[in-house]
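# Examination of the molecular architecture
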Amino acid sequence: MTDARDLVVAITGASGAPYALRLLQVVVRSGRTVHLTISPSGATVLREETGIVVDLDRFDPAALGDLGPGRVVYHHHQDFSAGIASGSFRTGGMVISPCSMSTLGAIAHGITTNLITRAADVHLKERRKLILVPRETPLSLIHLENMAAVTRAGAIVLPAMPGWYHRPESLADMIDFVVARICDGLDIDHDLGRRWGGERPT
Ligand SMILES: Cc1cc2nc3c(=O)[nH]c(=O)nc-3n(C[C@H](O)[C@H](O)[C@H](O)COP(=O)(O)O)c2cc1C
């Protein structure tokens, strides 16, 4: 049974694994079902940046901590028989967070050699929401042109670039800033920090 409220979340090998963990927490706690897939480099960066070790062949969502009452359905990154590899499987959108320049480049050129790039390609062809959260600096012309190409194809490029105007006091505040923008893009209600135009800090 597919549900148009199901979301696809993919973790690839750009720096920024804490954004992915927080995003999963917020989305799953909101009660949505998340179809999760992780690239091998995504697992490497997750280990480097958070100490969390995941076995991609025998994945247990509990490895990611307490994600709340929603549901996580894991798909191996090479499993092209997964529902999310097909346009007939309904979803409410997909996020790749963090999104490596390699995965961005593959999506920009329609190269679908793993489930992540295939599912992204499906979201573009079905005109569904696709949010890419790249992290790289500085950016080459190739990166910039790939970002322009995916934007022309309908994706939203939402770089992991926390703002300062909400006066963050912790790393958690800075992570939440980016996760809040992703949730806004997915129409997920959240209370991750003050919105501009709301009450100002003194
Ligand atoms: C610790 C670590 C940090 C990395 N940071 C980035 C990064 O910020 N951005 C990026 O595009 N690639 C980064 N890479 C390189 C990617 O992981 C590499 O290009 C990989 O092939 C991406 O594969 P994937 O897109 O299938 O996950 C990093 C790699 C490691 C090991």
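Read on for a plain summary of the structure. Please read these numbers as outputs of a predicted model, since none were measured by experiment.

Quick notes on the rules
- Residues numbered from 1 in each chain as written.
- Predicted model: local features only at pLDDT ≥ 70, side-chain atom pairs only at ≥ 80, totals over all residues.
- Heavy atoms only, no water.
- Phe/Tyr/Trp six-rings, centres within 6.5 Å; stacked < 30°, edge-to-face > 60°.
- Helix = DSSP H or I, 4+ residues; strand = E, 2+ residues; numbered from the N terminus.
- Buried < 20%, exposed > 50% of the residue type's maximum accessible area, 1.4 Å probe, protein only.
- Axes fitted to C-alpha atoms, helices over the stretch in contact; angles between N-to-C directions.
- Parallel < 35°, antiparallel > 145°, perpendicular 65-115°, else oblique.
- Contact = heavy atoms within 4.5 Å.
- Nonpolar A, V, L, I, M, F, W, Y, C, P; charged D, E, K, R; others polar.
- Left-handed = near helix turned anticlockwise from the far one by under 90°.
- Pairing = 2+ DSSP bridges.
- Right-handed = clockwise from strand over helix to strand, strands pointing away.
- Salt bridge = Lys/Arg side-chain N within 4 Å of Asp/Glu carboxyl O.

One pass over the full model with this rule turns up 3 aromatic pairs. Each ring, one from Tyr165 and one from Phe177, has its centre 5.6 Å from the other, and the planes form 75 degrees; the classification is edge-to-face. Note that Tyr165 is positioned in the loop between β6 (156-157) and α6 (171-185) and Phe177 in helix α6, a separation of 12 residues in sequence. Summarising the aromatic geometry, the rings of Tyr165 and Trp196 are spaced 5.7 Å apart at their centres and angled 80 degrees between planes, so their arrangement reads as edge-to-face. With Tyr165 in the loop between β6 and α6 and Trp196 in the segment after α6, this pair connects stretches of sequence that are 31 residues apart. Among the residues examined, Tyr165 registers a relative accessible area of 45% and is labelled partly exposed.

The geometry of helix α1 (residues 17-29) relative to helix α2 (residues 40-50) is characterised by a closest axis approach of 8 Å and an angle of 95 degrees between their N-to-C directions. It follows that α1 is roughly perpendicular to α2 by the angle criterion. Residues Ala17, Pro18 and Leu21 of α1 pack against Val45, Leu46, Glu49 and Thr50 of α2. Looking at the contact of α1 with α2 residue by residue, the classes come out as 5 nonpolar, 1 polar and 1 charged.

Closest axis-to-axis distance for the helix α3 (residues 101-108)/helix α5 (residues 141-152) pair is 9 Å, and the angle between their directions is 50 degrees. Viewed along their axes, α3 and α5 adopt a mutual orientation that is oblique. Between α3 and α5 lies a crossing whose hand is left-handed. Contacts from Met101, Leu104, Gly105, Ile107 and Ala108 in α3 reach His143, Asn146, Met147, Ala149 and Val150 in α5. Along the lines of polarity and charge, the residues of the contact of α3 with α5 split into 7 nonpolar, 3 polar and no charged.

Here we take up the pairing of strand β3 (residues 71-74). The side chains of a regular strand alternate, residue by residue, between the two faces of the sheet. With 4 bridges connecting them, strand β2 (residues 33-38) and β3 associate as parallel partners. By the bridge assignment for β3, Val34 is matched with Val72. Traced from β2 through α2 to β3, the parallel crossover comes out right-handed.

Our next topic: the pattern of salt bridges. A full pass over the atoms with the stated rule returns 7 salt bridges. For Arg135, the salt bridge identified is with Glu136, shortest N-O distance 3.5 Å. By relative accessible area, Arg135 is classed as partly exposed at 31%. Among the charged side chains, a network of salt bridges with common partners joins Arg181, Asp184 and Arg195.

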